[in-house]
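Chain by chain, the residues run as shown.
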Amino acid sequence: MTKVKSTTVLAVIHNGEVAIGADGQATMGNYVAKSNVKKIRKLQDGKIVTGFAGSTADAFTLLERFDEKLNAYGGNMKRAAIELAKDWRMDRYLRKLEAMLISADKDELLVISGTGDVLEPDNQIAAIGSGSMYAQSAALALKKHAPDLSAEQIVRESLNIAADICIYTNHNLVIEKIK
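Residues numbered from 1 in each chain as written. Predicted model: local features only at pLDDT ≥ 70, side-chain atom pairs only at ≥ 80, totals over all residues. Heavy atoms only, no water.

Draft legend 1. Geometry of empty space enclosed by the protein. Inspection of every chain in the model, using the stated rule, returns one cavity of 30 Å³ or more. Put simply, the largest cavity is a space of about 70 Å³. What lines the largest cavity is a set of 11 residues, among which Ser6, Lys39, Phe52, Gly54 and Thr56 lie closest to the centre. Split into classes, the residues belonging to the lining of the largest cavity amount to four nonpolar, five polar and two charged. (1 Å grid on protein atoms, 1.4 Å probe; cavity = no way out; pocket = protein on both sides within 12 Å on 5 of 7 lines; lining within 4 Å. Points joined across faces, edges and corners; volume = space filled by probe spheres on them. Nonpolar A, V, L, I, M, F, W, Y, C, P; charged D, E, K, R; others polar.)

Draft legend 2. Broad picture of the environment of Lys39. Position of Lys39 relative to the elements: it lies in the loop between β5 (31-34) and β6 (40-43). Distance in space between the C-alpha atoms of Lys39 and Ala22 is 6.3 Å, their sequence separation being 17 residues. In this view, Lys39 contacts Ser6, Thr7, Ala22, Asp23, Gly24, Gln25, Thr50, Gly51 and Phe52; residues no more than four positions away in its chain are not counted. At 2.5 Å, the side chain of Lys39 and the backbone oxygen of Gln25 are in polar contact. (Helix = DSSP H or I, 4+ residues; strand = E, 2+ residues; numbered from the N terminus. Contact = heavy atoms within 4.5 Å. Polar contact = N/O pair within 3.5 Å; in protein donor to acceptor, adjacent residues only side chain to side chain.)

Draft legend 3. Fine view of helix α4 (residues 151-165). For α4, which comprises 15 residues, the first-to-last C-alpha distance of 21 Å matches the rise-based estimate of 21 Å (1.5 Å per residue) to within 8%. Residues of α4 that are buried include every one of Ala151, Ile154, Val155, Ser158, Leu159, Ala162 and Ala163, and no others. End-on, the buried residues of α4 take up no more than an arc of 160 degrees, which puts them together on one face. In this structure, the buried side of α4 is in contact with β2 (8-14), β3 (17-22), α3 (132-145) and β12 (174-178). (Expected span 1.5 Å × (residues − 1). Buried < 20%, exposed > 50% of the residue type's maximum accessible area, 1.4 Å probe, protein only. Arc of directions from axis to C-beta.)

Draft legend 4. Focus on the pairing of β2. Taken across its seven residues, β2 has seven buried, putting it largely inside the fold. Burial along β2 is two-sided: the residues Thr8, Leu10, Val12 and His14 and Val9, Ala11 and Ile13 are all buried. With five bridges joining them, β2 and strand β11 (residues 125-129) adopt antiparallel strand pairing. Residue pairing in the sheet places Leu10 in a bridge with Ala127 of β11. Examined bridge by bridge, β2 and β3 share six bridges and lie antiparallel to one another. Following the sheet pairing, Ala11 is matched in β3 by Ile20. (Pairing = 2+ DSSP bridges.)

Draft legend 5. Layout of the sheet that holds strand β10 (residues 118-119). With antiparallel pairing, five strands are arranged side by side in an open sheet as β6-β7-β8-β9-β10. Two strands bound the open sheet, and with one partner strand each, they are β6 and β10. Taken together, the two bridges between strand β9 (residues 109-112) and β10 define a ladder with antiparallel strand orientation. Opposite Ile112, over in β10, you have Val118 as the bridge partner.

Draft legend 6. Molecular detail of the packing of helix α1 (residues 56-72) against helix α2 (residues 77-90). Close contact between α1 and α2 brings their axes to 8 Å; oriented N to C, the two are set at 130 degrees. Classified by the interaxial angle, the pair formed by α1 and α2 is oblique. Note on packing geometry: the crossing formed by α1 with α2 is right-handed. Contacts between α1 and α2 involve Leu62, Arg65, Phe66, Lys69 and Leu70 from the former and Met77, Ala80, Ala81, Glu83, Leu84, Asp87 and Trp88 from the latter. Of the residues in the contact of α1 with α2, the class split is eight nonpolar, no polar and four charged. (Axes fitted to C-alpha atoms, helices over the stretch in contact; angles between N-to-C directions. Parallel < 35°, antiparallel > 145°, perpendicular 65-115°, else oblique. Left-handed = near helix turned anticlockwise from the far one by under 90°.)

So this is what it looks like as structure tokens:
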């Protein structure tokens, strides 16, 4: 059975603004299965935004679990992420899920992986998925050399650069901001 996967998700904190975006492409094997998948979700009444990469069903399962953890810990994103990562690593069912999450609130970014990692990325830039290194490289350069750009502009341009290079990333972007 061929799994649905491949994407690029990028989040940036810059000049007091948080933006997270993703392309819309999902692939099955070597063909595009869908070009307008929405991989960004708002949680906690829009105070937290998440993006996912990996197998779609697995990512939705993790998003549901993350939302449950957020509710259990009063919206504390870092605590919820750590508890999700613990469960992910120890639970026999969750351990088999193939996905990653980026979570952002107004103050911080977290990358949550199935190996039990909760990472706070350097430079307030987080990227996951097939085109992540292209998008992250572009975002680092833009943040350094075009400091007047907004976080949303950095995310949009970086994802477009990734889409120009990565065959698993398209130009059908969804970008959300937290103010």
